[in-house]
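What follows is each chain in one-letter form.
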Amino acid sequence: MTGNGYAHPEALVSTEWLARHLDDGTIRVVEVDEDTTAYDRDHIPGAVGWDWNTDLHSRVGRDYADRDGVQHLLRAAGVEEDTTVVLYGGNNNWFAAYGYWLLRLRGFGPVRLLDGGRKKWELEGRELTQEVMDYQHTSYRLTGPERPELRAMRDEVLAKAEVFAKPGADSVLVDVRSPAEFRGELIAPPHLPQEQAQVPGHIPGAINVPWSQAARDDGSFRPAEELRALYGGKGVEPEREVIAYCRIGERSAHTWFALTELLGYPHVKNYDGSWTEYGSLVRAPVALGA
C-alpha cells in the first residue's frame, strides 16, 4: 500500500506491493487502457484486459454497463468473495480510474488503483508477459448497493449552471481538460480527431484544473499536501460540492479519485456525460476563453 498523507491510502497499491503479491490468489489484476491493443502486446503477469469501450459500456445507447454487466465482467475475471481487484493502465491511469469509478458506482467495494499504472511499472523494468489468462468463471454476486451519488447527470448540471458562476457558491464545477480545450481552441486532446458534433468551449463558471496536474512524471499521484494546494488554490475545497467533467468522463474520473479517495472530499461527482453531451445541447450556455 502507499501513504503520502492520503485520506484513504488503501485505495492505492504501489508497484512494489503488487510485485510481491502477484501470486496471491485473492488479488485479480485488470488492465483498462485507452490503447485497447496495449494488453495484447504485453501486460502485468496474471492480468486480464477490459476494453473500456466495449466491456465498460452498454452495447446499446450511451451509458455504462449496468449492474449485471459489471457482475458478468467480475465473474469472467475469476473474482470471488475474497478477491481484491487492482486496476492499472497507461497515461497516468486515466482509463483505469474510469474503471475504478464505475465499479464503485455499481456497488463493488474491494478495488484499488496501481499507483503509477503501466508507466511506472515499465519505468522500473518490472516483468511483463503476453500470456492471456483465462480464469474459470465464478458465481460472484454484487451485494453492495449502487451509488448514484457519485454521478452527475445532465439535468443536474444544467440546473446548477448559474450557481457555478457565483463566488462562494456551495457547488463548484471543475473542468479537468487541457487549457486549450477549456478555452475552446480544441475539442479533444491533440492526439484524437477534432471532428466532433459538439461546439468548443466550457460550461460557464467552471474552474480549469487539468487532470494531469495531479500526477508526477512517473504517473503516480502527487502527495496529499501538493494535491490540496493544487485544488484548494483554485477554490475547489472539501466543504463544497464538486462536480468534475472532461470530454467523456475518463479524465474527470481520475480527478474524482484524487479528490474523493486521496483527499477525502465528501461530496464529489463525476459528470460522465461531460463535454461530448453538454457541448451538443441546443441553447445550453457555453463560454469561450480563459
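Residue numbers here run from 1 along each chain, matching the order of that chain's written sequence. Reporting in this predicted model follows two pLDDT cut-offs: at least 70 for local features of residues, and 80 or more for side-chain atom pairs to be given and counted; totals over whole chains, interfaces and linings ignore these cut-offs and use all residues. Note that water and hydrogens are dropped before the side-chain values are worked out from all heavy atoms of the structure.

Draft legend 1. How the structure looks around the domain arrangement of the chain. As far as domains go, the chain holds domain 1 (12-146) and domain 2 (149-279). Segment limits for the domains were obtained from an automatic or database-derived domain assignment. For domain 1 and domain 2, the distance between their C-alpha centres works out to 24 Å. Whether two residues are in contact is decided by their heavy atoms: any pair within 4.5 Å suffices. Counting residues at the interface gives 23 residues for domain 1, matched by 28 residues for domain 2. Two parts placed together each lose some accessible area under a 1.4 Å probe, and the buried area is that loss summed for both. Taken together, both faces of the contact between domain 1 and domain 2 bury some 2,200 Å²; the carbon and sulfur share is 63%. Definition used for salt bridges: Asp or Glu carboxyl oxygen within 4 Å of a side-chain nitrogen of Lys or Arg. If you look at where domain 1 meets domain 2, you find 2 salt bridges. Here Glu 261 and Arg 104 are joined by a salt bridge, their closest N and O atoms 3.4 Å apart. Two N or O atoms form a polar contact when they lie within 3.5 Å of each other; inside protein one atom must be a possible hydrogen donor and the other a possible acceptor, and for residues adjacent in sequence the pair counts only when both atoms belong to side chains. On the surface where domain 1 and domain 2 come into contact, there are 9 residue pairs in polar contact (both at pLDDT 80 or more). Numbering of helices and strands runs from the N terminus; a helix is a DSSP stretch of H or I covering at least four residues, while a strand is a stretch of E covering at least two. Only α4 (94-105) and α5 (117-123) provide two or more residues apiece to the side of domain 1 that touches domain 2.

Draft legend 2. Spatial organisation of the nonpolar core. Ranked by size, the top nonpolar core spans 61 residues in total, and within it Trp 50, Leu 74, Leu 87 and Tyr 231 carry the most contacts. If one sorts the elements of this core by residue count, α4 sits on top with 10 residues. Counting the residues that make up this core, at least three belong to each of domain 1 (12-146) and domain 2 (149-279). Setting aside residues no more than four positions away along its own chain, Leu 74 makes contact with Trp 50, Val 79, Val 85, Leu 103, Phe 108, Tyr 140 and Leu 142. Nonpolar core, defined: a set of buried Ala, Val, Leu, Ile, Met, Phe, Trp, Tyr and Cys residues in which side-chain atoms within 4.5 Å join the residues together. Partly exposed residues are those whose accessible area sits between 20% and 50% of the maximum for their type, while under 20% is buried and over 50% is exposed, using a 1.4 Å probe and protein chains only. In this structure, Ala 152, Val 157, Ala 206 and Ala 284 belong to the second largest nonpolar core, which totals 13 residues.

Draft legend 3. Seen up close, unusual backbone geometry. Unlike most non-glycine residues, Asn 93 shows phi in positive territory, near 70°. Here Asn 93 lies in the loop between β4 (84-88) and α4. With a phi angle near 70°, Arg 283 is a residue other than glycine that sits in the positive phi range. Note that Arg 283 resides in the segment after α11 (274-278).

Draft legend 4. Here's a closer look at the pairing of strand β2 (residues 27-32). For β2, a buried count of 6 out of 6 residues is recorded, marking the element as mostly surrounded by other parts of the structure. Residues Ile 27, Val 29 and Glu 31 of β2 are buried on one face, and the alternating residues Arg 28, Val 30 and Val 32, pointing to the opposite face, are buried as well. Bridging between β2 and β4 involves 5 bridges; their strand directions are parallel. Looking at β4, one finds that Ile 27 is bridged to Thr 84. Strands are labelled as partners when DSSP assigns at least two bridges between them. Relative to strand β3 (residues 48-50), β2 runs parallel, the two being bridged by 3 bridges. Counted as the bridge partner of Val 32 is Trp 50 from β3.

Draft legend 5. Up close: the pattern of salt bridges. As enumerated under the stated definition, the model contains 23 salt bridges in all. A salt bridge links Arg 118 to Asp 33, with the nearest nitrogen and oxygen atoms 3.7 Å apart. In this pair, Arg 118 is assigned in helix α5 and Asp 33 in the loop between β2 and α2 (38-41), connecting sequence segments 85 residues apart. Summarising the burial analysis for this pair, Arg 118 and Asp 33 share the class buried. Where Arg 126 meets Glu 124, a salt bridge forms, and the shortest distance between an N and an O atom there is 2.6 Å. Relative accessible area serves as the criterion here: at 32%, Glu 124 is assigned to the partly exposed category. Three or more residues joined by partner-sharing salt bridges are found here, namely Glu 31, Asp 33, Asp 42, Arg 118 and Glu 122.

Draft legend 6. Molecular detail of the pairing of strand β8 (residues 241-245). Most of β8 is tucked away, with 5 of its 5 residues classed as buried. Burial along β8 is two-sided: the residues Glu 241, Ile 243 and Tyr 245 and Val 242 and Ala 244 are all buried. Where strand β6 (residues 171-175) lies against β8, 5 bridges are found, and the strand directions are parallel. Bridge pairing in β8 places Val 172 opposite Val 242.

Draft legend 7. Quick look at the environment of Val 70. Assignment of secondary structure puts Val 70 in helix α3 (residues 67-76). Under the relative-accessibility criterion, Val 70 is labelled buried at 1%. Put simply, Val 70 and Asp 55 are 15 residues apart on the chain and 8.5 Å apart in space, counted from C-alpha to C-alpha. Once residues lying within four places of it in the same chain are set aside, the contact partners of Val 70 are Ala 65, Leu 102, Leu 103, Arg 106 and Leu 142.

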